[in-house]
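If you want the building blocks of each chain, they are given just below.
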Amino acid sequence: MLDRLPPGSRIAVIRVRSLGDCVLTTPALSLLKAHRPDLRIAVVVEDRYASVYEGNPDVEITLPPVVSVVRAWWPEGILNLHGGTRSIAITATSRARSRAGFAHHRFASIYTHKIPRAQDIMHVERKVHTAEHVASAMFFMGVPQTEVPRARLFAAAPVNLPLGYAVIHPFASAPDKTWPMDRFLEVAGHIEKSLGLTPVFIPGPGEPANVFGSYKVIPNASIPELKGLMSGAHLFVGNDSGPAHIAAAYGVPCVVVFGPTDPAVWAPWRTEGRALKMPGGAQEVTVSQVIDAVEAVKRVPA
């Protein structure tokens, strides 16, 4: 597909939503831009996640997932990473002559290039990480296969906090992905007393912010604020969620408690980390297991 795109072509990459998915798309964008620096890359994404790509030199523009907006940008090529009804409509009406998407997508018949399984592209039979899955689309389109790099995020400025802090995110998108709050508080106490790091809790919209005692709390942090916060952190501890992937993008050591999702697919990518998963779910992970993991990955400021 890439060989058919003339120099300076516009290519729209449809990602649409989800913080983790957006972060883990950036390694693939980096591979694409390195191979074809002449391409003008747009990411089609909901406004609430567009700031993931702010400052990223691989991305010229973000576009809302609206048929008329993408069509008006007039891409020569389009890559649908999402596969939902809206992304199919955008792809079909984009006027792009080259249209790629995964072969398992519903209505994949609209694609000129149907992308097979990542395992077939990468010649492996193991489970592949989400970052590898997205990057495999680039390999199929013509990017030479190579090691998939760390996610690329760019923070405008670090958050103004004392040197030496650990970010703790004790919430998740579903109850079965959420480790108990009292256990996070125990771990925070260990981080403060044994590591000398200041625990910083980050509840999101609608999450209670009054249960953290005297610890520092940054409620309702925006994505730019999260990027700034993670860029200066020495440790991240949390549930399997988007903030963990932001931390990993900055090389922050991560300890992540998993519920039903598979760490082989969703563990923090390309950073020192521990993914803790038990057969009975997140509730079976003990405080001592998390503390041991913290001790294994810790990075204490000089």
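Note that this is a predicted model, so its numbers are computed, not measured.

(A) Broad picture of the state of the cysteines. One pass over the full model with this rule turns up 0 disulfides. For Cys22, which is in no disulfide, the shortest distance to another cysteine sulfur is to Cys254 and amounts to 18 Å.

(B) Broad picture of the environment of Ala157. Along the polypeptide, Ala157 turns up in the loop between α7 (130-141) and β7 (165-169). Placed 74 residues apart in sequence, Ala157 and Ser231 show a C-alpha to C-alpha distance of 8.6 Å.

(C) The arrangement of the sheet that holds strand β5 (residues 98-102) in detail. Reading across the sheet, the 6 strands line up as β3-β2-β1-β4-β5-β6 and stay open at both edges, with parallel pairing between neighbours. Lying at the two open borders of the sheet, with one neighbouring strand each, are β3 (61-63) and β6 (113-115). The average angle at which neighbouring strand axes cross in this sheet is 20°, direction not considered. The pairing of strand β1 (residues 10-16) with strand β2 (residues 40-45) spans 6 bridges and is parallel.

(D) Representation of the packing of helix α9 (residues 223-231) against helix α10 (residues 242-249) within the structure. Where α9 meets α10, the closest approach of the two axes is 9 Å, and the angle between their N-to-C directions is 50°. Relative to α10, the element α9 is oriented oblique. Pair α9 / α10 crosses with right-handed handedness. Across the interface between the two elements, Leu226, Lys227 and Met230 from α9 touch Pro243, Ile246 and Ala247 from α10. Counted by class, the contact of α9 with α10 contains 5 nonpolar, no polar and 1 charged residues.

(E) Seen up close, the sheet that holds strand β8 (residues 198-201). Strand order across the open sheet formed by 6 strands is β9-β8-β7-β10-β11-β12, with parallel pairing between neighbours. Each end of this open sheet is capped by a strand with a single partner; those strands are β9 (216-217) and β12 (273-276). Pairing analysis gives 2 bridges linking β8 to β9, with the strands arranged parallel. Counted as the bridge partner of Val200 is Lys216 from β9. Each of β7, β8 and β10 (235-239) is contacted by helix α8 (residues 181-195), which is oriented at about 170° to β10, the strand it contacts most.

(F) Structural context of the side chain of Lys177. Mapped onto the elements of the fold, Lys177 is located in the loop between β7 and α8. Judged by its relative accessible area of 14%, Lys177 is buried.

(G) Molecular detail of helix α2 (residues 26-35). Within α2, 8 of the 10 residues are buried, leaving the element largely enclosed by the surrounding structure. Buried residues of α2: Thr26, Pro27, Ala28, Leu29, Ser30, Leu31, Leu32 and Lys33, and no others. The secondary structure elements touched by the buried residues of α2 are β1, α1 (19-23), β2 and α7.

(H) Layout of α7. Spanning 12 residues, α7 covers 18 Å between terminal C-alpha atoms, matching the ideal 16 Å at 1.5 Å per step. For α7, the full list of buried residues reads Thr130, Ala131, Glu132, Val134, Ala135, Ser136, Ala137, Met138, Phe139 and Met141. The positive-phi residue at the C-terminal boundary of α7 is Gly142, with phi of around 135°.

(I) Quick look at the nonpolar core. One finds Leu79 and Phe236 to be the most contacted residues of the largest nonpolar core, which totals 62 residues. In terms of residues, this core owes the most to one element, α7, which gives 7 residues. Not counting the four nearest positions on each side in its chain, Phe236 is found in contact with Val167, His169, Met230, Pro243, Ala244, Ala247, Val252, Pro253, Cys254, Val255 and Val256. Membership of the second largest hydrophobic core comes to 26 residues, among which are Phe184, Ala282, Val287 and Val297.

(J) Highlighting the packing of aromatic side chains. Counted under the stated rule, the structure contains 4 aromatic pairs. Here Phe171 and Phe212 contribute two aromatic rings whose centre-to-centre distance is 6.3 Å and whose plane-to-plane angle is 90°, an arrangement assigned as edge-to-face. Of this pair, Phe171 sits in the loop between β7 and α8 while Phe212 sits in the loop between β8 and β9; the two residues are 41 residues apart in sequence, bridging distant segments of the chain. When sorted by exposure, Phe171 lands in the same class as Phe212, which is buried. A centroid spacing of 4.9 Å and a plane angle of 90° characterise the contact between Trp179 and Phe184, whose relative ring orientation is edge-to-face. Here Trp179 and Phe184 have matching classes, each one buried. Aromatic ring contacts, followed pair by pair, group Phe171, Phe201, Phe212 and Tyr215 into a single cluster. Its end group placed over the ring of Trp74, Arg95 keeps NZ or CZ at 3.4 Å from the ring centre.

Parameters and conventions
- Residues numbered from 1 in each chain as written.
- Predicted model: local features only at pLDDT ≥ 70, side-chain atom pairs only at ≥ 80, totals over all residues.
- Heavy atoms only, no water.
- Disulfide = S-S within 2.5 Å.
- Helix = DSSP H or I, 4+ residues; strand = E, 2+ residues; numbered from the N terminus.
- Pairing = 2+ DSSP bridges.
- Axes fitted to C-alpha atoms, helices over the stretch in contact; angles between N-to-C directions.
- Parallel < 35°, antiparallel > 145°, perpendicular 65-115°, else oblique.
- Left-handed = near helix turned anticlockwise from the far one by under 90°.
- Contact = heavy atoms within 4.5 Å.
- Nonpolar A, V, L, I, M, F, W, Y, C, P; charged D, E, K, R; others polar.
- Buried < 20%, exposed > 50% of the residue type's maximum accessible area, 1.4 Å probe, protein only.
- Expected span 1.5 Å × (residues − 1).
- Core = buried A, V, L, I, M, F, W, Y, C linked by side-chain atoms within 4.5 Å.
- Phe/Tyr/Trp six-rings, centres within 6.5 Å; stacked < 30°, edge-to-face > 60°.
- Lys NZ or Arg CZ within 6 Å of the ring centre and 35° of its normal.

These figures come from the coordinates and say nothing about function on their own.
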